[in-house]
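Structure assessment
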Amino acid sequence: MINPLAEAVQARRFCYVVELVASAMKREAQVLEIAASLATMPEIVAGSVTSYAGGRFGQDPLRVATAVRARGLAPNIHLTCVNDDRRKILSNLKVLNALQLFNVFALTGDYPAESQSKPVFDLDSVQLIALIARMRADSGIPFHVATAVSPFKYAREDCLYQYLKLEKKVAAGANLAITQVGWDARKFVELKRYLDERAIGVPVLGNVYVLGRRAAERMAKGLPPGCWASPALVETIRKESEAPDGGLEARLERAARTIAVLKGLGYAGAYIGGTHDADHIAHIIARAQELEPQWQECAGQLQFGQTGGFYLYESPRPVRRRLPVIALALDGAGRMMPVTRDTWLRRRLTSLSAWVDRRPVLRRLTERFEYAIKRPLFGYEACGNCVLGQMEYVCPQTCPKQMRNGPCGGTFLMRCEVIDQECIWVRVYQRAEAAERVNGLKTYIPAPDRSLQGTSSWINYFLGRDSRPGNDRSLSNTGGISSES
Ligand code: SF4
C-alpha cells in the first residue's frame, strides 16, 4: 500500500502535512469536507488528525482518520498517552494495523483541562515510540512514526533537554520529527545545525501555523501549553488585524515566508496548522515557491524570539554548578557499595531480598522503611521500579505526567505545564551537567511495571522484578505485542 508521507520523506521531496483538528467543536462532516479538498492538492501528503488537542476531548481520531482516507487523503493519526494505558494503546495499534493506517504521530499529550477525568499517562512519548517500533520489528507492520520537538524553548535546560530527548526518540524508532509552533528563524537554524553536527539524519517538518489575533493572544499567555507567541509578534498581528481583510493577507504571507525559510534550511517539509481553508493553503504553497530565492531575507523577517533567551550557538555557557550534597553522598555510597554489577555484596543482598520476600510481614516492613527514607528526600511514591540512579536522584513520580525520559513539550521558562513548580527535568539536567554525565541521560528508561506499586523497589531490584534500563519488563503484564487481535 502506498504511503505518500513516508515516500516523500524517504525521497527527500519537500512535502506538506496539514493538521486536521478533530475537536468536539467541529462537526466531523466539516473535517471530512476539508480533507476532500486537501486531497486534490498533490503537494499535501497527509492530513494529521489530532487527538485531545490542547487537553480537550474531540472526535474519535480513528473514525475520523478512516473517513479522511476514504476522501483520498492519507491520515497521520495523533496517538497520545493521556487517556490510554499501554494495553489500550496496544489494542489501538492492532486496530490501526487492521485498518491499514500506518502513520502515527506519537505524543505524550497535553494534560487535560480542568473538570475532565483524571488522566492516565501510563507511558511517555519515548516509551510509546519504543512500543510502536517493537511492534513494527516483531510483526512487520510498516508503522511510520512521527514525533514532536520544540526548539522554541528560551531557557537553557528546557532547550537542551528537548534536543537530547529528540535523540532518544530517534534511537527508540521515530522516523520523522515535527516541530512545535514558533516564529523564530534562529531557532529553526539551531535545530537543523544540532542534528547535522551529530549526523542525526531524522527528517524534520517545520511547523507553519497561520496565526490570527485571538490565537496569538492566547499563546502570549502560554496557551495551549508549549505554544508561545512573543509580545512583538502579538503586537505585529494586532496591527495587521486592523487592515480591511482583518490581517489575512499578512498571516498568509508570514506562513509562506516561513516555508521559504524551511526549504532554504533543508527541512523535509512543512506542517501547516491554524487554517483548514484549501484556498489559503494553496495560496501559501504557491507564494512560498515564489519566495524561495529570497529565503534568507525571509529569515531576517522571522525574528520573534525571546529577548535575552537561550540560543545554543550564541548564548555564553553558564557558570558550572556543583552537585547537591545528597547527590554527592549517594554517588559516594554507590562507589563504596557496588550493587549494580556482580559483587559479593550484590549476591548477599539478593539472597537477603529473597529471604525477606518470602515473609509478608518483613516484606511490608522493608517497604515502609524504604518509604520513610525516600519520601522526604525525593517525594517518593512507592512505584516499586526505582530509577532514581538514572534520573540524578529526582523521582519521576514528582512529575504530573510521570515522564521517565525527559520533559514534555509544555515547559515554559523551566516551569511545569501542570502545577506551579519548576519542571523536574531542570534539576535532572543541571545535576547531570554538574557531574559531567549528560550523555547518560540518553539512556532509555522503560515504563514501570505498575503492578509493583506499593512494593519495595529494593527487593524488586535484587530479584530482577522491576522495569528499568537493562531489565525492560514494561510489557510483562500485557499479553505481548503480537499483531493478532
Ligand atoms: S514536570 Fe516537566 S515534564 Fe512533568 S508535566 Fe511538568 S513540565 Fe511536563
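Up top you'll find the structure we're talking about.
Remember, it's a predicted structure, so these values are computed and weren't measured experimentally.

What counts and what doesn't
Residues numbered from 1 in each chain as written. Predicted model: local features only at pLDDT ≥ 70, side-chain atom pairs only at ≥ 80, totals over all residues. Heavy atoms only, no water. Helix = DSSP H or I, 4+ residues; strand = E, 2+ residues; numbered from the N terminus. Rg over C-alpha atoms; globule rule 2.2 N^0.38 Å. Buried < 20%, exposed > 50% of the residue type's maximum accessible area, 1.4 Å probe, protein only. Phe/Tyr/Trp six-rings, centres within 6.5 Å; stacked < 30°, edge-to-face > 60°. Lys NZ or Arg CZ within 6 Å of the ring centre and 35° of its normal. Pairing = 2+ DSSP bridges. Axes fitted to C-alpha atoms, helices over the stretch in contact; angles between N-to-C directions. Contact = heavy atoms within 4.5 Å. Near = heavy atom within 4 Å. 1 Å grid on protein atoms, 1.4 Å probe; cavity = no way out; pocket = protein on both sides within 12 Å on 5 of 7 lines; lining within 4 Å. Sits in = over half its atoms within 2 Å of the grid points. Nonpolar A, V, L, I, M, F, W, Y, C, P; charged D, E, K, R; others polar.

1. With respect to the overall build of the chain
- Each helix and strand in the chain was counted, giving 17 helices and eight strands.
- A globule of 485 residues ought to have a C-alpha radius of gyration of about 23 Å, and the chain, at 24 Å, matches this closely.
- Once the C-alpha set of the chain is aligned to its principal axes, its extents read approximately 75 × 55 × 45 Å.
- Across the 485 residues that make up the chain, the buried fraction comes to 54%.

2. Some words on the packing of aromatic side chains
- By the definition in use, this model includes 15 aromatic pairs.
- For the pair Phe188 and Tyr267, a centre-to-centre distance of 5.7 Å together with 85° between the ring planes defines the contact as edge-to-face. A residue pair is termed long-range when its members are at least 10 positions apart, and Phe188 in helix H7 (residues 185-197) and Tyr267 in the loop between helix H10 (248-265) and strand S8 (269-273) qualify at 79 residues.
- Here Tyr461 and Phe462 contribute two aromatic rings whose centre-to-centre distance is 5.1 Å and whose plane-to-plane angle is 80°, an arrangement assigned as edge-to-face. The two residues Tyr461 and Phe462 agree in class, both being buried.
- Grouped by ring-pair contacts, the aromatic residues Tyr154, Trp228, Tyr311 and Phe412 constitute a single cluster.
- In this arrangement the basic side chain of Arg193 is found over the ring face of Tyr313, its NZ or CZ atom lying 3.7 Å from the centre.

3. Some words on the sheet that holds strand S3 (residues 75-80)
- As summarised here, the arrangement of the eight strands in space is S1-S2-S3-S4-S5-S6-S7-S8, forming a closed barrel in which the pairing is parallel. Adjacent strand axes in the sheet meet at a mean angle of 30° when their direction is disregarded.
- Note: strand S6 (residues 176-179) against strand S7 (residues 204-209), two bridges, orientation parallel. Looking at the pairing, Ala177 lines up with Val204 of S7.
- Most of the contacts of H7 go to S7, to which it runs at about 170°, and overall it touches strand S5 (144-149), S6 and S7.

4. Remarks on the site of the ligand
- Surveying the vicinity of the ligand reveals 13 residues, the closest of which are Cys399, Cys408, Cys416, Glu417 and Cys423.
- At a threshold of 2 Å from the grid points, most atoms of the ligand map onto the largest cavity.
- Looking at the shell around the ligand residue by residue, the classes come out as 10 nonpolar, one polar and two charged.

Distances and angles like these do not, on their own, reveal function.
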